[in-house]
Amino acid sequence: MTQTAPPPVQQPVAALAGRPADAPAERSVRTIVSPLALAGRRGKVTYWSVFALVVVLFAFAFLFPVYWMVTGAMKPPEEVVRTPPTLVPEQWQVTGYTDAWDLMRLPTHLWNTVVQATGAWVLQIVFCTAAAYALSKLKPAFGKVILGGILATLMVPVQALVVPKYLTIADVPLIHVNLLNDPLAIWLPAVANAFNLYLLKRFFDQIPRDVLEAAEIDGAGKLRTLWSIVLPLSRPVLGVVSIFALVAVWQDFLWPLMVFSDTEKQPISVALVQLSQNVPLTVLIGAMVIASIPMVLMFLVFQRHIIAGISAGSTKG
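Here the residue numbering is sequential within each chain, running from 1 through the sequence in written order. Residue-level local features of this predicted model are given only where pLDDT is at least 70; pairs of side-chain atoms are given and counted only at 80 or more, and the full residue set underlies all totals for whole chains, interfaces and linings. Calculated side-chain values reflect all of the structure's heavy atoms, with hydrogen atoms and water omitted.

Draft legend 1. Quick peek at helix 9 (residues 184-191). We call a residue buried when its accessible area falls under 20% of the maximum for its residue type, exposed when it is over 50%, and partly exposed in between, using a 1.4 Å probe and counting protein chains only. Only DSSP runs of H or I with at least four residues qualify as helices, and only runs of E with at least two residues qualify as strands; both kinds are numbered from the N terminus onward. Ala185, Ile186, Ala190 and Val191 are the residues of helix 9 that are buried. In this analysis, two residues are considered to be in contact whenever any of their non-hydrogen atoms come within 4.5 Å of each other. Looking at the buried positions of helix 9, the neighbouring elements they touch are helix 6 (106-138), helix 8 (162-170), helix 13 (235-251) and helix 14 (254-259).

Draft legend 2. Structural view of the nonpolar core. Ranked by size, the top nonpolar core spans 34 residues in total, and within it Met104, Leu106 and Ile268 carry the most contacts. When residues of this core are traced back to their parent elements, those giving at least two are helix 5 (95-103), helix 6, helix 9, helix 13, helix 14, helix 15 (268-274) and helix 16 (281-312). The greatest single-element share of this core, amounting to 9 residues, is contributed by helix 16. Non-local contacts of Met104, meaning those with residues more than four positions away in its chain, are made with Asp99, His109, Ala271, Leu272, Leu275, Ser276, Val279, Val283, Leu284 and Ala287. Of all hydrophobic cores here, the second largest spans 13 residues; its members include Cys128, Leu200, Ile207 and Val237. The term nonpolar core refers to a set of buried residues drawn from Ala, Val, Leu, Ile, Met, Phe, Trp, Tyr and Cys, joined through side-chain atoms within 4.5 Å.

Draft legend 3. How the structure looks around unusual backbone geometry. The step from Thr83 to Pro84 runs through a cis peptide bond, and the omega angle for that step is 0°. Relative to the helices and strands, Pro84 resides in the loop between helix 4 (77-80) and helix 5. Within the chain, Leu174 stands out as a residue other than glycine whose phi angle is a positive 75°. Among the residues examined, Leu174 registers a relative accessible area of 81% and is labelled exposed.

See the structure below:
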């Protein structure tokens, strides 16, 4: 009796390709240059040459204006307006910075800006965080309607809100207090920031419910859960909101110009314009360089938080 040989076992195509059978098929990626061409010596040289050229061009486009501003304050006044301009100062001098520090009273106006920005930042962190936590986790009645009304304010142009805000600050309803020439004129309108509130709420929505329920089982109340659980997990987005709040106050011009008629209380953004009429151009450039240093330092210190905050909403925790 002849025995028939068993049929050959047909292995899945995925196994022959060197991956598990249940693994998803890899999606083909189409590029301008094929991966085979990039794998060669010529392809690698071309790729890295183009990459280095693009990086150098972008770095030059962003850093050259900074270099031009920093070196412009180190030139004599007649050299700044010379045509054609000089890339490197012929006579290096720092009088542009020292005169700007003294003539334009930069310490006073920088301190005013620090006070206004810090107060706006603190109030935004406290009230926007509390409102976002309530809308996200406490689920109040008509929460979606309230959130929709808050987000609807983003559709209104900022210029259309200037006059109503000014009238409110000039005569606060119910208590009838005039807040002009007062830091509260900057702090209170800054609290109503719909964008930062929505950014915080979206991040709170991604915090797993199991974590909050575990805190409730351990006896933590709503406030203790916010302080001990939610806020430590929200450091990346809080860093981004903090940067947005500080930069918005630091670079704002129109609103401080309207509410601060007293020159001794004006922030640096308004003072640079008000005091630039009777000073040399090099002094004005030096003042602008000094005014930009705090924001540059803040970005360098908190750049990790910016990147973490941008990627925080990309995945659900």
